[in-house]
Amino acid sequence: MKKTIRITLLLGAVLALGAFLAGCGESGKEEEEGKTSFQIGCMPLNEPAVQAISDMLKEKGYDMEVVVFDGNNLPAIALKDGSIDGLMLNHLPWIKTFNAQNGSELVMVKPYMYASIFGLYSSKHDSVADIPNGGTITISNDPDNMQRSLKLLEKVGLIKLGEKKGEFYTTLDIAENKKNLKFSEVETTATAASYKDVDATIAFSSVMKNAGIDAFSYIADDGQSVNYPTGLVVNKGTEGETWVKAVLEVTQSAEFKKKFDEIFQGAYVMYSELEK
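A quick note: this is a predicted structure, and the numbers were derived from the prediction, not measured.

Scoring rules and cut-offs
Residues numbered from 1 in each chain as written. Predicted model: local features only at pLDDT ≥ 70, side-chain atom pairs only at ≥ 80, totals over all residues. Heavy atoms only, no water. Helix = DSSP H or I, 4+ residues; strand = E, 2+ residues; numbered from the N terminus. Buried < 20%, exposed > 50% of the residue type's maximum accessible area, 1.4 Å probe, protein only. Salt bridge = Lys/Arg side-chain N within 4 Å of Asp/Glu carboxyl O. Pairing = 2+ DSSP bridges. Right-handed = clockwise from strand over helix to strand, strands pointing away. 1 Å grid on protein atoms, 1.4 Å probe; cavity = no way out; pocket = protein on both sides within 12 Å on 5 of 7 lines; lining within 4 Å. Points joined across faces, edges and corners; volume = space filled by probe spheres on them. Nonpolar A, V, L, I, M, F, W, Y, C, P; charged D, E, K, R; others polar. Expected span 1.5 Å × (residues − 1). Contact = heavy atoms within 4.5 Å.

A.B. asks: Sorry if this is basic, but what is going on with unusual backbone geometry here?
C.D. replies: Leave glycine aside and you will find that most residues have negative phi; peptide bonds, for their part, are mostly trans. The amide bond that connects Lys110 to the next residue, Pro111, takes the cis arrangement and shows omega of 0 degrees. Not every positive phi belongs to a glycine, and Asn180 is a case in point at roughly 50 degrees. As for its placement among the helices and strands, Asn180 is situated in the loop between strand S9 (174-176) and strand S10 (182-186). Taking relative accessible area as the criterion, Asn180 reaches 54% and is therefore assigned exposed.

Have a look at this one:
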């Protein structure tokens, strides 16, 4: 009887040890392969492209949940706080400014994905010269895009900027405004909303297209899109993870680029095309 008990105990110990080692093996395997489920934030204006990435990743065994926000800064806040794993929305200078203002370490991973045209649009006037004295122009209210808007207005001769008082140009830095233009400052994604009510609006072509307005109807553009890339943004330290590499592989594929062009019809431009 004692012999039987010893054998039973020994067998139980062996089985327990085997189960433990097997569990360690599975854990190690999972760690080596990396996670396969993750969340990416975006907004309605670029959701179709982000969803296309998710669909293509399913074939590779990944479950990418697309989380759609209704504010331009909300995905970055969620990523900083760890509520999502990445985002695709804001351009690189915007991300850098967000980091500086929020103490975050968000990183846009190369290769970059796309960029948008930044133009001056008007439903009332056919040229810059037609914008009247006392006219109103809608511009973005965040630092990077406000500065970009003001530089575009200076480029086309509507204003002259003076010395920059802070890190970014603001309307307070306008040194010359011969037409006494007024400026309506709104969130970047809301710039198309006032299109028919103001004399002109400065907006991304993607925002205009999302609002049902011809993305190529601008009367001027700044020609700086190559300096404002958009791509996958993650928290520093996760750039080398397997799922990140899988996302980048999809976004650089010929299949995705074809789908991307079908969706946006030029309102967004693949960054690889801008670099040529």
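A.B. asks: Looking at this structure, I do not really get the pattern of salt bridges. What am I missing?
C.D. replies: Working definition: two side chains of opposite charge can pair if their charged atoms are close together. The full count for this structure, using the stated rule, is 7 salt bridges. Glu105 is the partner of Lys236 in a salt bridge, and the nearest nitrogen-oxygen pair spans 3.8 Å. Of this pair, Lys236 sits in the loop between strand S13 (233-235) and helix H7 (242-251) while Glu105 is found in the loop between helix H4 (92-102) and strand S4 (106-108), placing the two residues 131 residues apart along the sequence. For the pair shown, Lys236 and Glu105 are each scored as exposed. The partner of Asp173 in a salt bridge is Lys165, with the nearest N and O atoms 3.3 Å apart.

A.B. asks: Please explain the pairing of strand S2 (residues 63-68) as it appears in this structure.
C.D. replies: On a regular strand, each side chain points to the face opposite its neighbour's, so the side chains alternate between the two faces of the sheet. As defined by bridge partners, strand S1 (residues 37-42) adjoins S2 across 6 bridges and the pair is classed as parallel. Of the residues in S2, the one forming a bridge with Phe38 is Met64. Considered for its hand, the β-α-β crossover made up of S1, helix H2 (residues 47-58) and S2 is right-handed.

A.B. asks: Explain the sheet that holds strand S6 (residues 118-121) here, please?
C.D. replies: By way of backbone hydrogen bonds, the strands of a sheet pair with one another, either parallel or antiparallel. Here we have 5 strands laid out as an open sheet, ordered S10-S7-S11-S6-S12, and mixed in their pairing. Strands with a single pairing partner mark the edges of an open sheet, and in this sheet they are S10 and strand S12 (220-221). Examined bridge by bridge, strand S7 (residues 136-140) and S10 share 5 bridges and lie parallel to one another. Paired with Ser140 across the strands is Val186, a residue of S10.

A.B. asks: Help me understand empty space enclosed by the protein, please; the structure alone is not making it clear to me.
C.D. replies: With a probe scaled to a water molecule rolled over the atoms, the places where space remains empty come into view. Tallied over the entire structure, the rule returns 1 cavity of 30 Å³ or more. Estimates place the volume of the largest cavity at around 190 Å³. Along the wall of the largest cavity there are 19 residues; nearest its centre are Leu89, Asn90, His91, Phe204 and Thr230. Mapped onto the lining of the largest cavity, the elements with two or more residues apiece are strand S5 (114-116), helix H5 (143-155) and helix H6 (205-210). If one sorts the elements of the lining of the largest cavity by residue count, S5 sits on top with 3 residues. Classifying every residue of the lining of the largest cavity by side-chain character gives 9 nonpolar, 9 polar and 1 charged.

A.B. asks: Any chance you could explain the layout of surface pockets here in plain terms?
C.D. replies: Empty space within the largest pocket amounts to approximately 170 Å³. Lining the largest pocket are Asn72, Asn73, Trp94, Thr97, Phe98, Gln101, Asn102, Asn141, Asp142, Pro143 and Glu187. By residue class, the composition of the lining of the largest pocket is 3 nonpolar, 6 polar and 2 charged.

A.B. asks: Explain H5 to me, please; I cannot follow it from the model alone.
C.D. replies: The α-helix advances 3.6 residues per turn, and as a result positions three or four apart in sequence lie on the same side. Taking 1.5 Å per residue as the helical rise, H5 with its 13 residues ought to reach 18 Å, and the 18 Å between its terminal C-alpha atoms agrees with that figure. Buried within H5 are the following residues: Asp144, Asn145, Met146, Gln147, Arg148, Ser149, Leu150, Leu152 and Leu153. Once H5 ends, the next one or two residues include Gly157, with phi positive near 85 degrees.

A.B. asks: In this structure, what is going on with H7? I would like to understand it.
C.D. replies: Extensive coverage of H7 is indicated by the burial of 7 of its 10 residues. Taken together, the buried residues of H7 touch S1, H2, S13, helix H8 (254-264) and strand S14 (268-270).

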